[in-house]
Amino acid sequence: MISHKIYRRILLAGLVPAFFITACKKDFLDQKTLSAIDERAVFQDSTRSLGVINNLYSNLGLSFNPRRFSNTGLDAACDESEPIGDPTIYTYKISSGGVNANNADGGLWKTTFQMVRAANIFMKNKDSIPVSNATKDYWTGQVRFLRAWYLFTLLKHYGGIPLIGDKIFDGNEKIDVARSSYEDCIKYLTSELDAAAALLPLSYRPGDANQLKVTKGAALAVKARMLLYAASPLVNSGPRANDPEHLLTFPGADPERWKQASDAAKAVISLGVYSLYTASATPLYTLFLQNTPQAEHVLVYWQPWTTANNFYVEASANPTSRGGMNGWTGTKYFPTQELVDEFDMINGLRITDPASGYPGIGNNMYKNRDPRLTCTVHYNGAIRIMGSFGDQPVNTYTGVIPTGNAAVTSASVDGIYTSTGTLTGYFRYKMCNGGGGELYRPWVVMRYAEVLLNAAEATNEYYGPTAEIYDWLKMIRARAGILAGENGLYGLKAGMTKEEMREAIRHERRVELAFEEHRFWDIRRWKIAPQTENAETHGMEITRAANGSFSYRVIPVRRHVFTEAMYFWPIPQSELTKSPALKQTPGY
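So, here's what we can say about the structure. (Residues numbered from 1 in each chain as written. Predicted model: local features only at pLDDT ≥ 70, side-chain atom pairs only at ≥ 80, totals over all residues. Heavy atoms only, no water.)

Right, let's talk about the pattern of salt bridges for a bit. Enumeration according to the criterion identifies 38 salt bridges in this entry. Among the ionic pairs, Glu39 bridges to Lys124, the shortest N-O distance being 3.3 Å. Separated by 85 residues along the polypeptide, Glu39 in helix H2 (residues 36–43) and Lys124 in helix H5 (residues 107–125) bring together distant segments of the chain. We note a salt bridge from Lys583 to Glu245, for which the minimum N-O separation is 3.2 Å. With Lys583 in the segment after helix H21 (573–578) and Glu245 in the loop between helix H8 (216–231) and helix H9 (256–270), this residue pair connects regions lying 338 residues apart in the sequence. Take Glu245: its relative accessible area is 40%, and that puts it in the partly exposed class. (Salt bridge = Lys/Arg side-chain N within 4 Å of Asp/Glu carboxyl O. Helix = DSSP H or I, 4+ residues; strand = E, 2+ residues; numbered from the N terminus. Buried < 20%, exposed > 50% of the residue type's maximum accessible area, 1.4 Å probe, protein only.)

Rendered as structure tokens:
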């Protein structure tokens, strides 16, 4: 395997041109006006032209970012985790039903259209770049993919968006473009992703200077995810009365959209270039700590190695006892009991199944669970490194705290009901660096396990349960460490109905893809948000007695609010003011 240092050099070599442009041209792509001389000078220089492309990667993880809103991500805006009790945090506003056009976050809209404008400037000038046709096609494939990625990001937030094609608006030109229908957006983006896939390589050889760039598989996988969203009940159940222009739905329901999504996901599987990461006893934990490309990576955001990104999750997810020593400002969000209860027993049976062996709430409730639980969430007694003390239990309890060193007394800062402790009795562990020092690793925005789950869902919805669906789920559950059982089904029920398989797939997504920016969108596209979001979140209160024994109680944490309008986001009022042709998202 190529060393960490070599990969840093590869990445730096690819990103230097972007910094070069910034230094020499003062971010010309973000300027409202751009002289023809400046633009011509950039695109008559191959190094600077490459810098434009590299710059387009810089916001690839914008929506995925686990610290997107005041050190919280979208997992803290649904039933996956609970943010600290600060009503000013945007994720808190979302789950409280308090977002409107006047307080809506405008960062996504602004940034994505900046990226689209940069891509369009490249497309306008690509023929003047002094490189071979093969290189030009490869660069164009990247740009078309990234532009489509940013537009799809907008689409899942807002529904139909303005489609401007290759249009570049000048500084003095009024930008006033109406929103396109959801259907037209899907057609356009499908075409763009197909075009990009045709220009991109299937894979890269290890050590290739381009190895951290997108591939054909990435373009096809994003198309498959988008078509899965497009087939889902939220947009594929017929028109809405308050949406005559079909910004949020297709004009009519069509089950064939499930087949399109199934075919698209299967096309990615058929490429034969991806596989599940298994090079560890705890693969779901160590996968996200790898600083080199992996066979499970489909779409990855590689931050510049000079970025101090090694604590990008830990700064807002670590227990105070593990974070305060590094100068972090404290934990910002906490996993919910609802998420913890989704993790099966190691035999693959749900904890609600009398045959599972689950002992109920008490001292042993976290034992013999799906190994992904400990890789995802840390509970009272879970082991986590604590600086010079080494591996130590996480203490989340309240009650009588023993005396001793900081490791023994850590409940005083981590425990429930303390000012710096957990709100729910839990801390996130997935993607967190369990060791000390810098850990350079990427944001895994899309991975092969998701592709398998996308294929399983779409295939089941169109064909019903098939042998290949069982095979895909078994692959994921086997990798997780769930026991095969006598029937070799890893806890899955034989002969499931379509409805039973649907629930099994949705359950698997929630467990396997936790904290990866899926739950927020899944509950919306499945149209189950009124049940999951118009509800209380819960935590686990553990009380320690003077003799060291524990008592347990499930507690309510906060009531969430969800309304019909909240399936999509409001366009910020500032954007509507600038562009009268834009119409607000129906319901706001």
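Now, onward.
Overall, the coordinates contain 22 aromatic pairs when judged by the stated rule. A centroid spacing of 5.4 Å and a plane angle of 80 degrees characterise the contact between Tyr182 and Phe250, whose relative ring orientation is edge-to-face. Taken as a pair, Tyr182 in helix H7 (residues 182–199) and Phe250 in the loop between H8 and H9 lie far apart in primary sequence, 68 residues in all. Across the pair, exposure class does not vary: Tyr182 and Phe250 are buried alike. Among the aromatic residues, those joined into a cluster by ring pairs are Phe69, Tyr90, Phe520, Trp521 and Trp569. Cation over ring: Lys167 sits above Phe169, and NZ or CZ is 5.4 Å from the ring centre. The lysine or arginine in question, Arg558, covers the ring of Tyr92, its NZ or CZ lying 3.9 Å from the ring centre. (Phe/Tyr/Trp six-rings, centres within 6.5 Å; stacked < 30°, edge-to-face > 60°. Lys NZ or Arg CZ within 6 Å of the ring centre and 35° of its normal.)

A few words on unusual backbone geometry. Not every positive phi belongs to a glycine, and Asn368 is a case in point at roughly 55 degrees. Looking at where Asn368 falls in the secondary structure, it is placed in the loop between helix H13 (337–340) and helix H14 (372–376). Judged by its relative accessible area of 57%, Asn368 is exposed.

Here we take up H9. Taking 1.5 Å of rise per residue, 15 residues should cover 21 Å, and H9 covers 21 Å from first to last C-alpha, within 8% of that figure. Of the positions making up H9, those classed as buried are Arg257, Trp258, Ala261, Ser262, Ala264, Ala265 and Val268. Buried residues in H9, looked at end-on, bunch into an arc of 165 degrees, giving them a common side. The positive-phi residue at the C-terminal boundary of H9 is Gly272, with phi of around 75 degrees. (Expected span 1.5 Å × (residues − 1). Arc of directions from axis to C-beta.)

Before going further, it helps to spend a moment on the sheet that holds strand E7 (residues 398–399). Ordered in space as E7-E10-E11, the three strands form an open sheet in which the pairing is mixed. Looking at strand neighbours, the two that pair on one side only are E7 and strand E11 (550–559), the edges of this open sheet. With nine bridges joining them, strand E10 (residues 536–544) and E11 adopt antiparallel strand pairing. Bridge assignment links Arg544 to a residue of E11, and that residue is Phe550. (Pairing = 2+ DSSP bridges.)

Inspection of the sheet shows E7 paired to E10 by two bridges, in the parallel sense. If you follow Thr398 over to E10, its bridge partner there is Thr543. Between E10 and E11, which follow one another and run antiparallel, lie five residues, and Gly548 among them has a positive phi close to 90 degrees.

For the rest of this paragraph, the subject is the side chain of Thr409. Tracing the sequence through the fold places Thr409 in the loop between E7 and helix H15 (411–414). If we skip the residues at most four places from it in the chain, Thr409 touches Ile401, Pro402, Thr403 and Gly404. (Contact = heavy atoms within 4.5 Å.)

So, about the environment of Thr403. Among the structural elements, Thr403 can be located in the loop between E7 and H15. When sequence neighbours within four positions are dropped, the list of residues in contact with Thr403 reads Val408 and Thr409.

Right, let's get into the packing of helix H16 (residues 448–463) against helix H18 (residues 498–512). A pair of packed helices can be characterised by two numbers: the angle between their axes and the separation between those axes. It is at 10 Å that the axes of H16 and H18 come closest, and there the two elements cross at 165 degrees. Judged by the angle between their axes, H16 and H18 are roughly antiparallel. Considering only the axes of H16 and H18, their crossing is left-handed. For the pair formed by H16 and H18, the contact residues are Ala449, Leu453, Asn454, Ala456, Glu457, Asn460 and Glu461 on the first element and Lys498, Met501, Arg502, Ile505, Glu508, Arg509 and Glu512 on the second. For the contact of H16 with H18, the per-class residue count stands at five nonpolar, two polar and seven charged. (Axes fitted to C-alpha atoms, helices over the stretch in contact; angles between N-to-C directions. Parallel < 35°, antiparallel > 145°, perpendicular 65-115°, else oblique. Left-handed = near helix turned anticlockwise from the far one by under 90°. Nonpolar A, V, L, I, M, F, W, Y, C, P; charged D, E, K, R; others polar.)

We now examine the packing of H7 against H8. Between H7 and H8, the least distance of the axes is 8 Å, while the angle of their chain directions is 165 degrees. Compared by their axis directions, H7 and H8 come out roughly antiparallel. Relative to H8, the crossing made by H7 is left-handed. Contact residues: H7 offers Tyr182, Ile186, Leu189, Thr190, Leu193, Asp194 and Ala197, while H8 offers Lys216, Ala219, Leu220, Val222, Lys223, Met226, Leu227, Tyr229 and Ala230.

Our focus in this paragraph is the nonpolar core. By size, the foremost hydrophobic cluster in this structure holds 134 residues, and its most contacted members are Leu60, Phe122, Phe145, Trp149, Leu299 and Trp569. Element by element, the count of residues in this core is highest for helix H6 (residues 133–158), at 13 residues. Here Leu299 is in contact with Leu60, Phe145, Trp149, Val214, Ala218, Val222, Trp443, Val444, Val445 and Met446, once residues within four sequence places are set aside. In terms of nonpolar packing, the next biggest core, distinct from the first, is built from 17 residues, Leu339, Phe343, Tyr426 and Phe515 among them. (Core = buried A, V, L, I, M, F, W, Y, C linked by side-chain atoms within 4.5 Å.)

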